[in-house]
Amino acid sequence: GEDVEQSLFLSVREGDSSVINCTYTDSSSTYLYWYKQEPGAGLQLLTYIFSNMDMKQDQRLTVLLNKKDKHLSLRIADTQTGDSAIYFCAERGSNFNKFYFGSGTKLNVKP
Amino acid sequence: EADIYQTPRYLVIGTGKKITLECSQTMGHDKMYWYQQDPGMELHLIHYSYGVNSTEKGDLSSESTVSRIRTEHFPLTLESARPSHTSQYLCASSGALNSPLHFGNGTRLTVT
């Protein structure tokens, strides 16, 4: 099946930018998503990008998509301690019914 | 804000008990999903449904079963719980082709 990979941990200082990276294998992916999970909660949709876009910006969040390299990144500007969470990258499979998730990146923001 | 609800939030039960985890959504979504999440974070799809009376097994084998008698309701049942079933269970739903997954807050199950 489709494979989505992320690094497991990222540690940054408050006020710095965070960049979380993701690679995927399905070249026919239509949508790619970023979710945030806080302790004890479900996954919250942060943002998504359609596969024919290169970039999407939403306040402090910037998503970059390199479709040729099948690489997706999430940049969080001015990272705050409240951004500490697990971030999941996900792609919607070509059959539109299945979603494939990375293993999650745990972001730790130090004050 | 997505309207998808899971109950209970936490459940501690003894081995051998039968349990049902509830999931309901008010968005009229056709597609619903159950994920099992390890303490190590990774999500595993265990069941999904494309509509009423449609259920499929996911990528991770599970001893649980599901039913979809109504669009809004997708309960998951364990006939005989075991300690290996201890995990967090996340329910999700999705609508039209370009609709993202919306998640409930999860049920954290502990089997003693």
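Notes on the structure in this doc start here. In this text, all values refer to a predicted model and were calculated from it rather than measured experimentally.

## Some thoughts on the overall build of chain B
Across its full length, chain B holds zero helices and eleven strands. Relative to the compact-globule value of 13 Å for 112 residues, chain B shows a C-alpha radius of gyration of 13 Å, a close match. Seen through its C-alpha atoms, chain B measures out along the principal axes to roughly 40 × 25 × 25 Å. Scored against the burial criterion, the 112 residues of chain B give a buried share of 48%. Sequence-distant contacts in chain B: of pairs separated by 6 or more residues, those separated by 24 or more amount to 52%. Total accessible area on chain B is roughly 5,300 Å²; 50% of this is exposed by carbon and sulfur atoms. Of the side-chain charges in chain B, 9 are positive and 11 negative, and the distance between the mean point of each set is 7 Å.

## Digging into the packing of aromatic side chains
One pass over the structure, following the stated rule, counts 16 aromatic pairs over all chains. Taken together, a centroid distance of 5.6 Å and an interplanar angle of 85° make the contact between A:Y35 and B:F103 edge-to-face. One end of the pair, A:Y35, is in strand β4 (residues 31-37); the other, B:F103, is in strand β10 (residues 102-103), on a second chain. Here B:Y33 and B:Y48 contribute two aromatic rings whose centre-to-centre distance is 6.4 Å and whose plane-to-plane angle is 25°, an arrangement assigned as stacked. Here B:Y48 lies in strand β5 (residues 43-51) and B:Y33 lies in strand β4 (residues 31-37), a separation of 15 residues in the sequence.

## Some details on the state of the cysteines
Counted under the stated rule, the structure contains two disulfides over all chains. Paired by a disulfide, A:C22 and A:C89 hold their sulfur atoms 2.0 Å apart. The sign of the S-S torsion, about -60°, decides the handedness of the disulfide formed by A:C22 and A:C89: left-handed. Here A:C89 lies in strand β9 (residues 85-92) and A:C22 lies in strand β3 (residues 18-24), a separation of 67 residues in the sequence. A relative accessible area of 1% places A:C22 in the buried class. Residue B:C23 pairs covalently with B:C91 via a disulfide, S to S 1.9 Å. Disulfide B:C23-B:C91: torsion about the S-S bond near -75°, hence left-handed.

## Points about the interface of chain B and chain A
With 25 residues of chain B in contact, the opposing surface of chain A contributes 23 residues. Sorting the residues of the side of chain B that touches chain A by element identifies β4, β5 and β9 (87-94) of chain B as the ones contributing at least two each. Its residues placed into classes, the side of chain B that touches chain A shows 13 nonpolar, eight polar and four charged.

Definitions and cut-offs
Residues numbered from 1 in each chain as written. Chains lettered and ligands numbered in written order. Predicted model: local features only at pLDDT ≥ 70, side-chain atom pairs only at ≥ 80, totals over all residues. Heavy atoms only, no water. Helix = DSSP H or I, 4+ residues; strand = E, 2+ residues; numbered from the N terminus. Rg over C-alpha atoms; globule rule 2.2 N^0.38 Å. Buried < 20%, exposed > 50% of the residue type's maximum accessible area, 1.4 Å probe, protein only. Contact = heavy atoms within 4.5 Å. Areas by Shrake-Rupley, 256 points an atom, 1.4 Å probe, with all protein chains shown as cover. Lys, Arg positive; Asp, Glu negative; His and termini not counted. Charge placed at Lys NZ, Arg CZ, Asp CG, Glu CD. Phe/Tyr/Trp six-rings, centres within 6.5 Å; stacked < 30°, edge-to-face > 60°. Disulfide = S-S within 2.5 Å. Nonpolar A, V, L, I, M, F, W, Y, C, P; charged D, E, K, R; others polar.

Shape is all these values report; function is a separate question.
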